[in-house]
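Understanding the architecture of this molecule
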Amino acid sequence: MPRLLEIKDLRTVFDTAKGRISAVDGVTLGLNSGDTLGIVGESGCGKTMLALSIMRLIPANGKIVNGEILFSGQDLLKISSEEMRKKRGSEIAMVFQEPMTSLNPVLRVGEQIAESIRLHQKLHTKEALALSIDQLREVGIDDPEKLIRDYPHQLSGGMRQRVMIAMAMSCHPQLLLADEPTTALDVTIQAQILDLISTLKEKNNMAVILITHDLGIIAQAAKHVAVMYAGKIVENSTVENIFDHPLHPYTRGLIESMPARCAASSDKGNYLKTIPGNVPSLYNLPAGCRFFDRCTSAQKECNKEEPVLKEIEEGHFVSCWKYPGNIN
Amino acid sequence: MARLIIRLERPDAGNIYYKGDDINSFSAAQLKSYRGNVQMIFQDPYSSLNPRKSAVSIIREPLTIRKIGDKNERDEMVMQLMAKVGLSKEQANRYPHEFSGGQRQRIGIARALVLKPELIIADEPVSALDVSIQAQILNLLKELKHDFGLTYLFISHDLNVIRNMSDRIAVMYLGKIVELAANRDIYSTPMHPYTRMLLSAVPSGDPKNKNRTLSIKGEARNEGEKGCNFQNRCSYKIDICAQEEPPLKRYDQQRFCACHRGGSI
């Protein structure tokens, strides 16, 4: 059986005034139904563009120039935009970071959820509204009959994100893309939203791609993790491997610099470990390995040629010259 | 609260004392000296730097305004400080848009330090920064605190950052302090039900430890209702919680909590 999602050597470029940049540069990854894949990286590393590429919703100055996105074996890059439109919202849905800007401020909540149900399931407004109410109850809203008549500005951030999730779930997608779904929320609300996504995933045997810069969320919610750096995946494995046995120097640096993993209190001299330097600009990437000038274990060869993602141990992919080669 | 302390806002009631003097009865001259002693580091390093000024003139401006030193002395002070916060000489004449977020925050920190303040209000100083840059800035703040003998009022929503930075911690909920205690006491024996919920909600950063000890429920209620602000989310609610607002009570030398069931849950 093919995997639910299989991305091969995907490259998404943007033509800008300063030249062409590759926001997603040769990304390969896969995902099974019922699994959560966490994509972690810093701002500008290409994680959102990767999600938008899967949705085929990249901004107008960008285009996908290479690769395949196989969804249940079918290449999403080869189907017509009409076919893609039908899949969007029904088979693949997305939840965005900012629930206020992604809801329509002049439409009542109920109408917004009902809209996608009407379009994808060919139902009448009344039936669609009834289904919206069920869906809102499903995402833990106590009084959905009242809520469907509210406008987005009347809801709290947590409620809005529940509405967004209800909307995304309304046609029972097989794949949910969640792009920083809790970044705009308080920590207690964040915990509730993550629990909700995980419950819905279990119940519907749905696959989830969870995009975040927050390693704590990844540790909590993901089964597999892909670490992105400057448009590339540098390490990909199970969440246990990534946290307890990271191989790429960048992943190690990230995990070690987490305040949560550092001993408590401000005892004098209790400094965090850091990664020196800054994320490189995509316009001005270092030669060879993109992490070269920040890497503490860089060797001479590292800035000659770019390393490729190789399976170093069973199910553990790393792109770093430190590791000799494929296990196979 | 930060804005009240640097007197960008005036309180409707109550007083703020700095070394025994009420800051809201300061004269213009007293206020000017107060604001030199109390400086702020802002959350967003993109909007808190003037885009039309170079790094060196941003950091120098407080000195210029206060006519401290002559031109050469000012430049000397700025250069020393820039080196201290990890900016190079070559970067001095660059403009904010030429810097990354972490570097801009370094400029903001240098500007806050140039008048040699005693108290720094740091309002979410790392929450706009990437993970790998956060640790750099937190370390820099610790180093500066040690070298210049600074006092920080460090505001953050991130409990892991707070734990790493603070000696004492005040937990706020809907405009009130619900618990105030030493760092280790907050994390080892949280007293207030809200503190407990917060700690349980923070991801542990360890995939082997995903189970929460406490259930997280509900959302903040509207302000101005009767009784304790947290009652609608609290698992320990008793009758009095719906009637009276609990005052912040002292439990021992360093420990305060505002809960009707304080100490008994």
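About the thresholds
Residues numbered from 1 in each chain as written. Chains lettered and ligands numbered in written order. Predicted model: local features only at pLDDT ≥ 70, side-chain atom pairs only at ≥ 80, totals over all residues. Heavy atoms only, no water. Salt bridge = Lys/Arg side-chain N within 4 Å of Asp/Glu carboxyl O. Helix = DSSP H or I, 4+ residues; strand = E, 2+ residues; numbered from the N terminus. Buried < 20%, exposed > 50% of the residue type's maximum accessible area, 1.4 Å probe, protein only. Pairing = 2+ DSSP bridges. Axes fitted to C-alpha atoms, helices over the stretch in contact; angles between N-to-C directions. Contact = heavy atoms within 4.5 Å. Domains from an automatic or database assignment. Buried area = accessible area lost by both parts, 1.4 Å probe. Nonpolar A, V, L, I, M, F, W, Y, C, P; charged D, E, K, R; others polar. Expected span 1.5 Å × (residues − 1). Phe/Tyr/Trp six-rings, centres within 6.5 Å; stacked < 30°, edge-to-face > 60°. Polar contact = N/O pair within 3.5 Å; in protein donor to acceptor, adjacent residues only side chain to side chain.

1. Concerning the pattern of salt bridges
- Applying the stated criterion across every chain, the model contains 25 salt bridges over all chains.
- Residue Arg290 of chain A is joined to Asp25 of chain A by a salt bridge in which the shortest nitrogen-to-oxygen separation is 2.6 Å. Of this pair, Arg290 of chain A sits in the loop between α10 (249-256) and β11 (310-313) while Asp25 of chain A sits in strand β2 (residues 19-31), placing them 265 residues apart in sequence.
- Judged by its relative accessible area of 9%, Arg290 of chain A is buried.
- Between Glu179 of chain B and Arg255 of chain B there is a salt bridge, with the nearest N and O atoms lying 2.7 Å from each other. One end of the pair, Glu179 of chain B, is in strand β7 (residues 176-182); the other, Arg255 of chain B, is in strand β9 (residues 255-257), and 76 residues separate them in sequence.

2. Quick word on the sheet that holds strand β8 (residues 249-252) of chain B
Residues and elements named next belong to chain B.
- The 4 strands lie next to each other as β6-β7-β9-β8, forming an open sheet whose pairing is antiparallel. This sheet does not close on itself; its edge strands, each paired only once, are β6 (168-173) and β8. Across the sheet, the axes of successive neighbouring strands diverge by a mean angle of 25°, strand direction being ignored.
- Pairing geometry for β6 and β7, over 6 bridges, is antiparallel. Paired with Val171 across the bridge in β7 is Glu179.
- Against the sheet, helix α9 (residues 193-201) makes contact with β6 and β7, and its axis sits at roughly 100° relative to β6, the strand it touches most.

3. Some words on the sheet that holds strand β5 (residues 74-75) of chain A
Residues and elements named next belong to chain A.
- Strand order in this open sheet of 4 strands is β2-β1-β4-β5, and the pairing throughout is antiparallel. Of all the strands in the sheet, the pair left with one neighbour each is β2 and β5.
- In this fold helix α1 (residues 47-55) packs onto β1 (5-16), β2 and β4 (62-71), with an angle of close to 110° to the strand it touches most, β1.

4. Things to note about the domain arrangement of chain B
Residue and element names in this part refer to chain B.
- Partitioning chain B into structural domains gives domain 1 (2-166) and domain 2 (185-257).
- Just the C-alpha atoms count here: the centres of domain 1 and domain 2 sit 32 Å apart.
- Carbon and sulfur atoms make up 71% of the surface buried where domain 1 meets domain 2, a total of about 420 Å² over both sides.
- Among the residues of domain 1 in contact with domain 2, Leu159, Asn160 and Arg163 are the three that bury the most area, contributing 96% of the side total.
- Tallied by class, residues from the side of domain 1 that touches domain 2 come to 2 nonpolar, 1 polar and 1 charged.

5. Examining helix α5 (residues 101-113) of chain B
- Over its 13 residues, α5 of chain B extends 19 Å from the first C-alpha to the last, a length consistent with the 18 Å expected when each residue adds 1.5 Å.
- In terms of burial, α5 of chain B is largely enclosed, as 13 of its 13 residues are buried.

6. A few points about the packing of aromatic side chains
- In this structure the tally under the stated criterion is 8 aromatic pairs over all chains.
- On the basis of an interplanar angle of 55° and a centroid distance of 4.5 Å, the ring pair of Tyr229 of chain A and Tyr250 of chain A is categorised as tilted. A residue pair is termed long-range when its members are at least 10 positions apart, and Tyr229 of chain A in strand β9 (residues 224-229) and Tyr250 of chain A in helix α10 qualify at 21 residues.
- Classification of Tyr250 of chain A by relative accessible area gives buried; the value is 0%.
- Aromatic side chains Tyr18 of chain B and Tyr34 of chain B sit 5.0 Å apart centroid to centroid with 70° between the ring planes, which places their arrangement in the edge-to-face category. Here Tyr18 of chain B is found in strand β1 (residues 17-18), whereas its partner Tyr34 of chain B is found in helix α2 (residues 28-37), with 16 residues between them in sequence.
- Exposure remark for Tyr18 of chain B: the relative accessible area of 15% places this residue in the buried category.
- Residue Tyr34 of chain B is classed as buried on the basis of its relative accessible area of 2%.

7. Notes on the pairing of strand β3 (residues 36-40) of chain A
All names here are of chain A.
- The element β3 is extensively covered by neighbouring structure, given that 5 of its 5 residues are classed as buried.
- Both faces of β3 are covered, namely the face carrying Thr36, Gly38 and Val40 and the face carrying Leu37 and Ile39.
- Two strands pair when backbone bridges link them, and β3 and strand β8 (residues 207-212) are joined in this way by 5 bridges, in the parallel orientation. Across the sheet, Val40 pairs through a bridge with Thr212, a residue of β8.
- With 4 bridges joining them, β3 and β9 adopt parallel strand pairing.

8. Describing the interface of chain B and chain A
- Taken together, the contacts link 41 residues of chain B with 45 residues of chain A.
- Roughly 3,400 Å² is buried in total at the junction of chain B and chain A, and carbon and sulfur atoms are behind 52% of that figure.
- When residues of chain B are sorted by the area they lose upon contact with chain A, Val131, Pro207 and Glu219 of chain B head the list and together hold 17% of the total.
- The interface formed by chain B and chain A includes 1 salt bridge.
- Our count for the chain B to chain A interface comes out at 12 residue pairs in polar contact (both at pLDDT 80 or more).
- Ranked by residue count, the leading element in the side of chain B that touches chain A is helix α6 (residues 131-148) of chain B, at 11 residues.

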